[in-house]
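Residue-level structure breakdown
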Amino acid sequence: MKYYSTNHNVPEATLQEAVVKGLASDRGLFMPERIERMPAGFFEDIDKMSFHEIAVCVARCFFGEDVERDALEDIVRDTLSFPTPVVEVESGIYSLELFHGPTLAFKDVGARFMARLLRYFINRGSDRRMVHVLVATSGDTGSAVANGFLGVDGIKVHVLYPKGKVSPIQECQFATLGDNITAIEVDGTFDDCQRLVKSAFMDEELNNRLLLTSANSINVARFLPQSFYYFNAYAALKSKGVGNDVVVCVPSGNFGNLTAGLIAHRMGLPVKRFVAANNANDIFYNYLSTGVYSPRPSTPTIANAMDVGDPSNFARILDLYGANHADVVSLISGAAYSDDEIADTIKECYERTGYLLDPHGACAYRALREQLNPGETGVFLETAHPAKFRDTVSSITGRDVEIPPRLAAFMNGEKMSVAMDKEFKYFKQYLEQLL
Ligand SMILES: *Cc1c(COP(=O)(O)O)cnc(C)c1O
């Protein structure tokens, strides 16, 4: 399968090229040249299939031409080493819990898949050099990528993060791992970290000597596998007898998760419509209301993984619907909530139902409560475990949030970060000594 750029100014790439490059050289995002519809029989039997079986069928549509059958099955099984259950919160509203992975957030799925696909390409290729993954993080991306790649042969990961600007829970999830993961604590801001990574990718001398790659969320190997759990959620609803008139609500920042759902829909997944829930960063919400896309600097909120002022995957959504605003709004509606509204929602839902939302899932839950019609079944993506936002959630509900054992295990680890000045020459020196 070939992958084209949403800007259409470069030749199509192979899967391997798209995965290693991340972004097309015309700055567009890669899209698969074909999105195949699953046969009707697949949806008839889907509630009798396991998550692995469902995911393997979906994975074959994208990667079946480029990855051998057995290898692809192994990659899928190894990626999905944890469940993504659908839990009833109240009558007609279900939570698709995506926080049962190693870092308790949905990004584990894409990061684990990408790491394993990259290892497959390394083992198959003739270039046996070590691959160095560079990732700048303001918190959550670093932990998902680091844990996704942890222990994967032939790959070293370097996580750059701003000193004193990530929470201790976040820091311990990538700075205590050791093995093939190095955490680099930059004396600067998140923007400085991003600049260092970008400078490294642009430095010809470094790139001639080292095989550098990024693992950001726009990578096709992170984004496409997120469609797996949409199919599995439908299977779960169907087996509960509520698979008709399904409305899916996605808490959105960069819109990778929603776009994966739209791809599943294009493959025939029987979802009636989608709702995109935003925090105060309501750029997409405004686009839906006005047809005008006006990116702007992001605003900090308590649902901080959705603090995005210019969502990258907007280009993919436009591409899927030929930039036709009417088509987009006929399938997707929007919502946007202030921090106060998010906090009220967490408190209200907890007191009434006993279900503890995290600030991101809370946006999506509220949007469903407000927009679901009688007879419809709503499912929202619960993208992170509330314990990842323990202080916020505890102060809102007045209840101390329990830390799950796998998160507690990180917190007992020893921090092993490398300190780094924010000037590029020091980062370059660090990379050169890796040879
Ligand atoms: C990354 C993230 C989001 C936003 O997902 P996108 O794919 O960027 O829209 C939502 N919730 C949590 C917890 C996240 O980590």
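Before reading further, recall that the structure is shown in the block above.
Throughout what follows, the structure given in this document is the object of discussion. Everything numeric in this text was worked out from a predicted model, so none of it was measured.

With that settled, consider the nonpolar core. Residues Tyr 3, Phe 63, Phe 149, Tyr 230, Phe 231, Phe 284 and Phe 380 are the most contacted members of the largest nonpolar core, which totals 137 residues. Contact partners of Phe 380, with chain neighbours within four places excluded, come to Val 89, Ile 93, Tyr 94, Ser 95, Leu 96, Cys 249, Tyr 355, Leu 357, Gly 361, Ala 364, Tyr 365 and Leu 368. Formed by 16 residues, the second largest nonpolar core is a distinct cluster that contains Leu 134, Leu 196, Met 420 and Leu 431.

This part is about the site of the ligand. Taken together, 15 residues surround the ligand, and among them Lys 107, Gly 253, Asn 254, Phe 255 and Thr 383 come closest. At a separation of 2.4 Å, an oxygen atom of the ligand approaches a polar side-chain atom of Lys 107. Considered class by class, the residues forming the shell around the ligand number six nonpolar, seven polar and two charged.

Quick look at the environment of Phe 82 now. Tracing the chain through its elements places Phe 82 in the loop between helix 4 (69-79) and strand 3 (86-90). In this structure the C-alpha to C-alpha distance between Phe 82 and Val 135, which are 53 residues apart in sequence, comes to 24 Å. Filtering out sequence-adjacent residues up to four positions away, Phe 82 remains in contact with Phe 51, His 100, Gly 101, Pro 102, Asp 108, Val 109 and Arg 112.

Taken together, six strands build an open sheet; the order of strands is 3-4-12-9-10-11 and the sheet is mixed. Of all the strands in the sheet, the pair left with one neighbour each is strand 3 and strand 11 (332-336). When strand polarity is set aside, the average angle formed by the axes of neighbouring strands in this sheet is 25 degrees. Sheet analysis places strand 3 next to strand 4 (residues 93-97), joined by four bridges and oriented antiparallel. Its bridge partner being in strand 4, Val 86 is matched across the sheet by Leu 96. The sheet contacts of helix 11 (residues 228-239) involve strand 3, strand 4, strand 9 (246-251), strand 10 (273-278) and strand 12 (377-382), and relative to strand 12 the element is tilted by about 140 degrees.

What counts and how
- Counting restarts for each chain: residues are numbered from 1 in the order of the written sequence.
- With pLDDT at 70 or above as the cut-off, local features in this predicted model cover only qualifying residues; side-chain atom pairs require 80 or more to be listed or tallied, and sums for whole chains, interfaces and linings still use all residues.
- Values shown for side chains rest on all heavy atoms present in the structure; no hydrogens or waters enter the calculation.
- We define a nonpolar core as any set of buried Ala, Val, Leu, Ile, Met, Phe, Trp, Tyr and Cys residues linked to one another through side-chain atoms lying within 4.5 Å.
- The buried label applies to any residue whose accessible area, calculated with a 1.4 Å probe on protein chains only, is under 20% of its type's maximum; exposed applies above 50%, and partly exposed to all values in between.
- In what follows, a contact means two residues having at least one pair of non-hydrogen atoms within 4.5 Å.
- Residues are counted as near a molecule or strand when any one of their heavy atoms sits within 4 Å of it.
- Side-chain atoms alone can form a polar contact between residues adjacent in sequence; in general such a contact is a pair of N or O atoms within 3.5 Å, and within protein one must be able to donate a hydrogen while the other accepts it.
- Put simply, Ala, Val, Leu, Ile, Met, Phe, Trp, Tyr, Cys and Pro go in the nonpolar bin, Asp, Glu, Lys and Arg in the charged bin, and everything else, Gly too, in the polar bin.
- The numbering of helices and of strands both runs from the N terminus, where a helix is a DSSP run of H or I of at least 4 residues and a strand a run of E of at least 2.
- In this scheme, strands are said to pair when DSSP sees at least two bridges between them.
- Here, axes are lines fitted to C-alpha atoms. For helices the fit covers the stretch in contact, and angles between N-to-C directions go from 0 to 180 degrees.

Keep in mind these numbers describe shape, not what the thing actually does.
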